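Examining the three-dimensional arrangement
Now for the letters of each chain:
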Amino acid sequence: MFLSRLSRLGLRIAKDSGQFSTIKRGYFSRHFSHNLHPVNNCFFCTTTIDNIHEEGSEQKETISVTFVDKDGEEKLIKVPIGMSMLEAAHQNDIDLEGACEGSLACSTCHVIIMDVDYYKKLEEPTDEENDMLDLAFGLTETSRLGCQVIAKPELDGMRLALPAATRNFAVDGYKPKPH
């Protein structure tokens, strides 16, 4: 917002002073013209062309993921490719805690991949993730941290079980709200 206003101010000053034509052919057009393009009548914009195409494109590709809570209730959601299961859970009101907000500093986003075939499609957990998983409640052979499971096309149809509890310092029944 600030840069947009600043860009418009610069454009207005350049037009008023008669310098617009020299600016257009000057330093910026030689060195940065691939990033300068009109956006909302703003010729000096820092938005890249790639961002404009993403915003103007249709919906992002998604996969279907089913979360199964501790009571056995299932919730099928659509997760955009590239999003973590923790983020997807928060956006869809699924009780997956994530106390560290995905910074790999806790085990409260522990999920259990219910099908071994899907588990094998994931990248190997890092040492940091394994260290955090060691602290998780109800650890299984197919346990992962939701913040480290990233949606990709081959995970379409994956089912994730939420453990019955987490190991956190919060009082039982406390449900944190994502920021």
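Anything mentioned here points back to the structure above.
Definitions and limits used
- Residues numbered from 1 in each chain as written.
- Predicted model: local features only at pLDDT ≥ 70, side-chain atom pairs only at ≥ 80, totals over all residues.
- Heavy atoms only, no water.
- Helix = DSSP H or I, 4+ residues; strand = E, 2+ residues; numbered from the N terminus.
- Buried < 20%, exposed > 50% of the residue type's maximum accessible area, 1.4 Å probe, protein only.
- Contact = heavy atoms within 4.5 Å.
- Pairing = 2+ DSSP bridges.
- Axes fitted to C-alpha atoms, helices over the stretch in contact; angles between N-to-C directions.
- Salt bridge = Lys/Arg side-chain N within 4 Å of Asp/Glu carboxyl O.
- Polar contact = N/O pair within 3.5 Å; in protein donor to acceptor, adjacent residues only side chain to side chain.

**Details of the side chain of S107**
With respect to the helices and strands, S107 occurs in the loop between α5 (85-91) and β3 (110-113). The exposure class of S107 is buried, given its relative accessible area of 6%. Contacts of S107, omitting those with residues within four sequence positions, involve M132, L135, A136 and L145.

**Considering the pairing of strand β5 (residues 158-161)**
Taken residue by residue, a regular strand's side chains alternate between the two faces of the sheet. In the sheet, strand β1 (residues 62-68) pairs with β5 via 4 bridges, with the strands oriented parallel. Paired with T66 across the bridge in β5 is R159. Sheet analysis places β3 next to β5, joined by 2 bridges and oriented antiparallel. Of the residues in β5, the one forming a bridge with I112 is A161.

**What about the sheet that holds strand β4 (residues 143-145)?**
Across the sheet, 5 strands lie side by side as β2-β1-β5-β3-β4; this open sheet has mixed pairing. In this open sheet, the two edge strands, each paired with only one partner strand, are β2 (74-80) and β4. Strand after strand, the sheet turns through a mean of 35 degrees between neighbouring axes, direction not considered.

**What about the pattern of salt bridges?**
For the structure shown, the criterion picks out 3 salt bridges. Here R159 makes a salt bridge to E74, at a shortest N to O gap of 3.0 Å. Taken together, the residues span a long stretch of sequence, with R159 in strand β5 and E74 in strand β2 at a distance of 85 residues. Note on R159: relative accessible area 30%, which makes it partly exposed. One salt bridge connects K152 with E154, and the closest N-O pair in it is separated by 3.6 Å. Among the residues examined, E154 registers a relative accessible area of 39% and is labelled partly exposed.

**Looking at the environment of D156**
Within the secondary structure layout, D156 lies in the loop between β4 and β5. Residues contacting D156, with those up to four places away along its chain left out, are I63, S64 and Y118.

**Some remarks on the side chain of S64**
Topologically, S64 is positioned in strand β1. A relative accessible area of 15% places S64 in the buried class. Within polar-contact distance, the side chain of S64 engages the side chain of K78 at 2.8 Å. Residues in contact with S64, not counting those within four places in the same chain, are L76, I77, K78, L155, D156, G157 and M158.

**Some remarks on the pairing of β2**
Where β1 meets β2, 7 bridges bridge the pair, whose relative direction is antiparallel. What sits directly across from V65, in β2, is I77. Connecting the antiparallel pair β1 and β2 is a turn made up of 5 residues, with G72 showing a positive phi of about 90 degrees.

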